[in-house]
Amino acid sequence: MSQPPETPKPARKPVTALTVLLWAAPVLAGLLVLALALAMNWQPWFGYAAVIAGVLGAVMMAGEHFGVRG
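Before going into details, it helps to say that this report is about the structure given with it. (Residues numbered from 1 in each chain as written. Predicted model: local features only at pLDDT ≥ 70, side-chain atom pairs only at ≥ 80, totals over all residues. Heavy atoms only, no water.)

Side note on the overall build of the protein
Next up, step 1: A count of helical and extended segments in the protein gives two helices and zero strands.
Next up, step 2: Counting only C-alpha atoms, the protein reaches 70 × 25 × 5 Å along its principal axes.
Next up, step 3: Buried residues in the protein amount to 20% of all 70 residues.
Next up, step 4: Look at the contacts in the protein between residues 6 or more apart in sequence, and 54% of them connect residues 24 or more apart.
Next up, step 5: Looking at the protein as shown, the accessible area adds up to about 5900 Å², and 71% of this sits on carbon and sulfur atoms. (Helix = DSSP H or I, 4+ residues; strand = E, 2+ residues; numbered from the N terminus. Buried < 20%, exposed > 50% of the residue type's maximum accessible area, 1.4 Å probe, protein only. Contact = heavy atoms within 4.5 Å. Areas by Shrake-Rupley, 256 points an atom, 1.4 Å probe, with all protein chains shown as cover.)

Details of helix α2 (residues 44-66)
Next up, step 1: Taking 1.5 Å of rise per residue, the 23 residues of α2 would be expected to cover 33 Å, and the 34 Å separating its terminal C-alpha atoms lies within 8% of that figure.
Next up, step 2: All of the buried residues along α2 are Gly-47, Ala-50, Val-51, Gly-54, Gly-57, Ala-58, Ala-62, Gly-63 and His-65.
Next up, step 3: Those residues of α2 hidden inside the fold are in contact with α1 (17-39).
Next up, step 4: In the stretch just after α2, Gly-67 is the one whose phi turns positive, near 80°. (Expected span 1.5 Å × (residues − 1).)

A short note on the packing of aromatic side chains
Next up, step 1: Inspection of the entire model under this criterion finds three aromatic pairs.
Next up, step 2: Considering the side-chain rings of Trp-23 and Phe-66, the 5.9 Å spacing of their centres and the 55° angle between planes classify their relative orientation as tilted. You can see Trp-23 sitting in helix α1 and its partner Phe-66 sitting in helix α2, a full 43 residues away along the chain.
Next up, step 3: Taking relative accessible area as the criterion, Phe-66 reaches 36% and is therefore assigned partly exposed.
Next up, step 4: Arranged with centres 5.7 Å apart and planes meeting at 80°, the rings of Trp-42 and Phe-46 form a pair that is edge-to-face.
Next up, step 5: Assessed through its relative accessible area of 43%, Trp-42 is described here as partly exposed.
Next up, step 6: Among the aromatic residues, those joined into a ring-pair cluster are Trp-42, Trp-45 and Phe-46. (Phe/Tyr/Trp six-rings, centres within 6.5 Å; stacked < 30°, edge-to-face > 60°.)

What to know about the environment of Leu-34
Next up, step 1: Tracing the sequence through the fold places Leu-34 in helix α1.
Next up, step 2: According to the relative accessible area criterion, Leu-34 is buried, its value standing at 17%.
Next up, step 3: Sequence separation between Leu-34 and Val-51 is 17 residues, and the spatial gap between their C-alpha atoms is 7.0 Å.
Next up, step 4: Not counting residues within four places of it along the chain, the set of residues in contact with Leu-34 comprises Pro-44, Gly-47, Tyr-48 and Val-51.

Below, the structure written as structure tokens:
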């Protein structure tokens, strides 16, 4: 029996310093919101939620880069 032909996988984009910086941007923005929340005497959970959302955004951006679909 013959096997089906293999389909070539698309080449991945390289991970560059700019890519890592773009992935870190949501986390850094969340840390900025946390600092502002604490400085302005807001509820701290607001800042914590911003950091968590930033981390989730960075994970989603990295997953999109590597072709991970959920």
